[in-house]
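# Coordinate inspection notes
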Amino acid sequence: MLFALTLAVTIALSAALREPLRRWPWAFYALAAAAVLVLLAVPQQALPKEASLAMLPLVKKGYVATALFVIVMFVGALPRGGRADRWMRPVRAQLSIVACILIAGHVIGYLASYLPRLTSGAISGTAVYLGLAAAVVLTALTAVLGVTSLQRVKRAMAPGTWKRVQRLAYLFTALLYVHALLMLLPPALSGGAAAQESAAAYTAVFAAYLVARLARAWADRSRDARTAEEAAPDGDAQALGA
């Protein structure tokens, strides 16, 4: 339930703050970095209760970062030229960079929690180990995709190379779902209602994305086929005339 609520609020705020994010992206990057630093540098018991509760979905659980990644994913799956596409595509890169900064706090915070247990052998369960392995790959992909989302880096890269690197986002999306499900699996199987609700929410969101992406691929293929058919007579006429 918390993830679903976080996703709804994040979508609303992303739409409302679209123009400030487009104009002053570095202010949002700085705010995200400040939230991460507060989580990592300030003991949770030293924070006011309201601030500590806000940090839970914002950084610690990674819900806001995941919600931002979901928005970025869906923008890429929406029909080109639609209202949502025109509204959110101009800030897609900025949203992904904010998500990368916030997820860094999630990764570092959980690394500090899991590393001692890993080295002492206190962790058991194949699902958790696989989830942590997926997290390692996700961290590497986050760094690559986040850096190449910066406009200065994008301009410095060859367009073909940049597009090939950005296609790693599909692998990232799949691993993000796998990681979340694997980490939720043990408590969900033990009867944890919160874990079960989160797993259901993740599954619904990523299933909807898969449907949207396949629909977009089919629409693009149909459009390209129509374009080729419309261009074929002119091309044949030119060839015969030559």
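On a predicted model such as this, the values are computed, not experimentally measured, just so you know.

About the thresholds
- Residues numbered from 1 in each chain as written.
- Predicted model: local features only at pLDDT ≥ 70, side-chain atom pairs only at ≥ 80, totals over all residues.
- Heavy atoms only, no water.
- Helix = DSSP H or I, 4+ residues; strand = E, 2+ residues; numbered from the N terminus.
- Expected span 1.5 Å × (residues − 1).
- Bend = angle between axes of the 7 residues up to and from the residue.
- Buried < 20%, exposed > 50% of the residue type's maximum accessible area, 1.4 Å probe, protein only.
- Axes fitted to C-alpha atoms, helices over the stretch in contact; angles between N-to-C directions.
- Parallel < 35°, antiparallel > 145°, perpendicular 65-115°, else oblique.
- Left-handed = near helix turned anticlockwise from the far one by under 90°.
- Contact = heavy atoms within 4.5 Å.
- Nonpolar A, V, L, I, M, F, W, Y, C, P; charged D, E, K, R; others polar.
- Patch = residues over 30% accessible without salt bridge, like charges linked within 9 Å, V, L, I, M, F, W, Y side chains within 5 Å.
- Areas by Shrake-Rupley, 256 points an atom, 1.4 Å probe, with all protein chains shown as cover.
- Salt bridge = Lys/Arg side-chain N within 4 Å of Asp/Glu carboxyl O.
- Lys, Arg positive; Asp, Glu negative; His and termini not counted.
- Charge placed at Lys NZ, Arg CZ, Asp CG, Glu CD.
- Polar contact = N/O pair within 3.5 Å; in protein donor to acceptor, adjacent residues only side chain to side chain.
- Phe/Tyr/Trp six-rings, centres within 6.5 Å; stacked < 30°, edge-to-face > 60°.
- Lys NZ or Arg CZ within 6 Å of the ring centre and 35° of its normal.

## Remarks on helix α7 (residues 92-120)
Over its 29 residues, α7 runs 41 Å from end to end, which matches the ideal 42 Å to within 8%, given 1.5 Å per residue. Of all the bends in α7, the greatest reaches close to 30 degrees and is centred on Y114; the proline P116 follows between one and four positions later. When we look at burial in α7, the residues that qualify are Q94, L95, S96, I97, V98, A99, C100, L102, I103, G105, H106 and Y114. G121 sits one or two residues past α7 and shows a positive phi near 75 degrees.

## What about the environment of Q151?
Within the fold, Q151 resides in helix α9 (residues 151-156). Taking the C-alpha atoms as reference, Q151 lies 28 Å from K61; in sequence the two are 90 residues apart.

## What about the packing of helix α5 (residues 63-77) against α7?
It is the contact of α5 with α7, at a shortest axis distance of 8 Å, that shows an interaxial angle of 155 degrees. One way to sum up the angle between α5 and α7 is to call them roughly antiparallel. Considering only the axes of α5 and α7, their crossing is left-handed. Facing V64, A65, L68, F69, I71, V72, V75 and G76 of α5, the residues of α7 in contact are R92, L95, S96, V98, A99, C100, L102 and I103. For the contact of α5 with α7, the class distribution of residues is 13 nonpolar, two polar and one charged.

## What to know about a positive patch on the surface
Residues K154, K163, R164 and R167 make up a contiguous surface patch of positive charge. Relative to the elements of secondary structure, K163 occurs in helix α10 (residues 159-166).

## Some words on α5
Over its 15 residues, α5 runs 21 Å from end to end, which matches the ideal 21 Å to within 8%, given 1.5 Å per residue. For α5, the tally of buried residues reaches 14 of 15 residues, placing the bulk of the element in the interior.

## Brief notes about the side chain of T142
Looking at the element boundaries, T142 is found in helix α8 (residues 126-149). A distance of 2.7 Å separates the side chain of T142 from the backbone oxygen of L138, its partner in a polar contact. Once residues lying within four places of it in the same chain are set aside, the contact partners of T142 are C100, I103 and F172.

## Describing the packing of aromatic side chains
Under the definition given, this model contains seven aromatic pairs. The interplanar angle of 20 degrees and the centroid separation of 4.3 Å between the aromatic rings of F3 and Y202 together place this pair among those described as stacked. Of the two residues, F3 is situated in helix α1 (residues 2-16) and Y202 in helix α12 (residues 193-241); the sequence distance between them amounts to 199 residues. Taken together, the ring pairs connect F3, Y63, Y177, Y202 and F206 into an aromatic cluster. A cation over an aromatic ring shows up here: R18 above the ring of W87, its NZ or CZ 4.1 Å from the ring centre.

## Observations regarding the pattern of salt bridges
Where charged atoms from two side chains of opposite charge come close, those side chains can pair. For the coordinates displayed, the defined rule picks out four salt bridges. Through salt bridges that share partners, R18, E19, R22 and R23 make up one connected network.

## Describing the environment of Y177
With respect to the helices and strands, the residue Y177 is situated in helix α11 (residues 168-189). Sequence separation between Y177 and A134 is 43 residues; the distance between their C-alpha atoms is 9.8 Å. Beyond its immediate stretch of four places on either side in the chain, Y177 contacts Y202, T203 and F206.

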